[in-house]
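Per-entry structural report
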Amino acid sequence: MTVRRVADVNFAQLVDRDFHPSPAAWEDQVLYFLMLDRFSDGRERDYLDDDGAPVTSGTTPPLRAADHGNAITTDADKARWSAAGADWAGGTLAGLRSKLGYLRRLGVTAIWISPVLRQVPGSDSYHGYGAQNFLDVDPHFGSADELRDLVSAAHQQGVRVILDVVVNHAGDVFGYDPDRYLTEQDGVSFLDPRWDGSPYRIEGFREAGGKPLLPFGPAGDIAWPDGAVWPAELQQPGTFTGRGRIVNWDHHPEFVEGDFFGLKDIALGAGPVDRYQPSPALRALTRVYQYWIAFADLDGFRVDTVKHMDPGAARYFASAIHEFAQSIGKDNFYLIAEITGDRGFAYRTLEQVGMDAALGIADVQDRLEGLIKGVRDPAEYFDLFRNAFEIGKDSATWFRDRVVTSYDDHDQVRKGERKARFAADGDGGRLALAALALNAATLGIPCVYYGSEQGFDGAGGNDRYIREAMFGGDFGPFRSRGGHSFDESHPTYRQFARFLALRRRMPALRRGRQYLREISGDGRNFGLPRVLGGRMSSVVPWSRILADDEVLAAVNTDPDRPRTAWVTVDAGLHAEGGTMTCRFSTDPTEEGRVVEVESRNGKAVEITVPAAGFVVYT
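Before going into details, it helps to say that this report is about the structure given with it. Quantities reported herein were computed from a predicted structural model and do not represent experimental measurements.

Below, the discussion takes up the sheet that holds strand 20 (residues 445–449). The sheet built from eight strands is open, its strands ordered 18-17-16-7-4-1-20-19 with parallel pairing. Of all strands in the sheet, those with a lone pairing partner are strand 18 (357–359) and strand 19 (404–405), marking the two edges.

Next up, the structure:
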């Protein structure tokens, strides 16, 4: 692509075709988030293609259990493996396209892809959040045509595509005056000054080699294609706030005006929400992302760092994107807002800016993980959805399509300096299926972080270690090298795929009201499951009810042995002597088992849940 200005894009030609329609209900979907650089390089062998046929032509074999740790056998190897995790690993759009069958058979219906736009040349921003050219795809990932081809192929497989986008900032495209602003914090030297509320002197835009030698203004031919920032509209004066890096991440207006370390904050406009005046830069970026919707036929955006945008800017962007999408037939184009912080702040922001769902709410992830690991009372998780009145909603079903739920992700802001995947410690590996099932069978739009279905542990303590390369390479999972993990025989993959097939057939599991249920060991004394003596090893049951249909689901937080309990069910929907049937169990021999409804605590049934397992009864 050679377009330098968004104003030169021929939108009339782009939209003169039929587009893939939006889903009727996003809560019916199962999202799968992957970091493109870490997913697939297309060189794997001995996996299954879109049709389920073996692929034998690649070079990277499947990872074996015996290969775990093969990259850290010496101190030198360990250092090399760790260093590989901080740089580009090699995942591509074509590699992802080759794994659509793997994702579809798992039960994924929408893939959320990390940003793909062109990054600052020579940088290590494999994650995609440091764009230099918003009108092109980074060559590490492939081409714009390959993005379009991927989306088309995904649609043919019944899978939608959500692209991660950034409006708040660009990459490190200019330099501050190094002689005046060199600073040190905690023993680390920074060329970029810290935010203090005032703009700083800027040396210039960076040229292709990374030095700030270009004029800080319209650069033209001398900057194309690897210097300054593109489209050219973003080279105009006033595009960047230029106030230095954020130090206090909860101080307003610092977290709105400041840079993300080297990533440069864009001035999006000014004014109160209802009278916000978008800047030329925001108008240009909005048009850029409208272009990508039409060019690639995308189905939604995950909008990065919404907390750090002016609310008026986020609302302008949301309104303009929704209107454009509707104009081409995408009536439910979804905008998922990353809003870090507590639940109340996230939902207030979501309502204010007009996006569709919130992502990155720390207490949802933390309490889901704590429930399954037996260190948090289940009510702490379920009450997040029950207490709708706290955010001004009269029904908990509002949460059904307004929050994207997960327990692992690529940032794990909530964990501070102890970042690791769910499976990294204790019994996490054995409880992974229970965590995936709880996430997919409770309110919200469930999202699976890539590799969770293969038990990735992400041990190490910071971001790089929770971003393993699924295709192996030099930074493979489980501290390995040279083996891929697209293993459809993995027990967690198989069990989760079986459950997601059931979820597709049961509307109540996707849309129903939700109730944490009381349990009893003797059939007489009932109460909610809770943590006793430091760890809860228990059946944790809940119901999803849609109209007259009750689905009873339960996990067992005991990783060592099955647990049996009497579980309360809806007395108005069940009569004494009625029955419920096991439709799913991680012990398949239990499926088809019939239990009788008895008059205990209203109405109750006695069920058994396998160790670290999951069951569904109707």
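What follows concerns the packing of helix 5 (residues 144–156) against helix 8 (residues 280–296). One can describe the packing of helix 5 onto helix 8 by two numbers: an axis separation of 9 Å at closest approach and a directional angle of 60°. Comparing the axis directions of helix 5 and helix 8 gives the class oblique. Packed against helix 5, whose contacting residues are Ala144, Asp145, Leu147, Arg148 and Val151, the element helix 8 presents Trp292, Phe295 and Ala296 at the interface. Its residues assigned to classes, the contact of helix 5 with helix 8 shows six nonpolar, no polar and two charged.

Moving on, we get to the packing of helix 8 against helix 9 (residues 311–327). Here helix 8 crosses helix 9 at 30°, and the two axes come no closer than 10 Å. Relative to helix 9, the crossing made by helix 8 is right-handed. The residues of helix 9 that touch helix 8, namely those facing Leu282, Arg283, Thr286, Arg287, Tyr289, Gln290, Ile293 and Ala294, are Ala313, Tyr316, Phe317, Ala320, Ile321 and Phe324. Residue classes in the contact of helix 8 with helix 9 are distributed as 10 nonpolar, two polar and two charged.

Now for the side chain of serine 114. Tracing the sequence through the fold places serine 114 in the loop between strand 4 (110–113) and strand 5 (117–119). Only 2.9 Å separates the side chain of serine 114 from the backbone nitrogen of leucine 36, close enough to count as a polar contact. Apart from residues no more than four positions distant in its own chain, serine 114 is found in contact with Phe33, Leu34, Met35, Leu36, His127, Leu163 and Asp164.

Let us look at the side chain of lysine 264. Tracing the chain through its elements places lysine 264 in strand 13 (residues 264–265). For lysine 264, the side chain forms a polar contact with the main-chain oxygen of phenylalanine 174, separated by 3.4 Å. Side-chain polar atoms of lysine 264 contact the backbone oxygen of glycine 262, separated by 2.9 Å. The contacts of lysine 264, once residues within four sequence positions are left out, are His169, Ala170, Gly171, Asp172, Val173, Phe174, Tyr176, Asp192, Phe240 and Asp259.

Should their charged atoms come close, side chains of opposite charge can pair. Going through the model one piece at a time under the given rule, you end up with 46 salt bridges. The partner of aspartate 145 in a salt bridge is arginine 148, with the nearest N and O atoms 2.8 Å apart. Taken together, the residues aspartate 145 and arginine 148, both in helix 5 and three residues apart, mark about one turn of the helix. Judged by its relative accessible area of 42%, aspartate 145 falls in the partly exposed class. Taking the relative accessible area as the measure of exposure, arginine 148 reaches 34% and is therefore partly exposed. For lysine 373, the salt bridge identified is with aspartate 425, shortest N-O distance 2.7 Å. With lysine 373 in the loop between helix 11 (362–372) and helix 12 (378–386) and aspartate 425 in the loop between strand 19 and helix 13 (432–441), this pair connects stretches of sequence that are 52 residues apart. Its relative accessible area of 44% is what places aspartate 425 among the partly exposed residues.

Reading across the sheet, the three strands line up as 22-25-28 and stay open at both edges, with antiparallel pairing between neighbours. Where the open sheet ends on each side, the last strands, each with one partner, are strand 22 (519–520) and strand 28 (603–609).

Rules used throughout
Sequence positions are assigned chain by chain, starting from 1 and proceeding in written order. Whole-chain, interface and lining totals are the exception, using all residues; otherwise, since this is a predicted model, local features are given only for residues with pLDDT of at least 70 and side-chain atom pairs are given and counted only at 80 or more. Each side-chain value is worked out from all heavy atoms of the structure, with water and hydrogens disregarded. Paired strands, in this sense, are two strands between which DSSP finds at least two bridges. Counting from the N terminus, the helices are the DSSP runs of H or I reaching at least four residues and the strands are the DSSP runs of E reaching at least two. Lines fitted to C-alpha atoms define the axes, with helix axes restricted to the stretch in contact, and inter-axis angles between N-to-C directions lie between 0 and 180 degrees. Here roughly perpendicular refers to angles of 65 to 115 degrees, roughly parallel to angles under 35, roughly antiparallel to angles over 145, and oblique to all remaining angles. Should any heavy atoms of two residues lie within 4.5 Å, those residues are considered in contact. Residues are grouped as follows: Ala, Val, Leu, Ile, Met, Phe, Trp, Tyr, Cys and Pro are nonpolar; Asp, Glu, Lys and Arg are charged; all remaining types, including Gly, are polar. A clockwise turn of the near helix away from the far one marks a right-handed crossing, whereas an anticlockwise turn of less than a right angle marks a left-handed crossing. Counted as a polar contact is a pair of N or O atoms within 3.5 Å, where, for protein atoms, one must be capable of donating a hydrogen and the other of accepting one, and residues adjacent in sequence contribute only when both atoms are in side chains. Take a side-chain nitrogen of Lys or Arg and a carboxyl oxygen of Asp or Glu: if they are within 4 Å of each other, that pair is a salt bridge. Buried, partly exposed and exposed residues are distinguished by accessible area as a fraction of the type maximum, computed with a 1.4 Å probe on protein chains only: under 20%, between the cut-offs, and over 50%, respectively.

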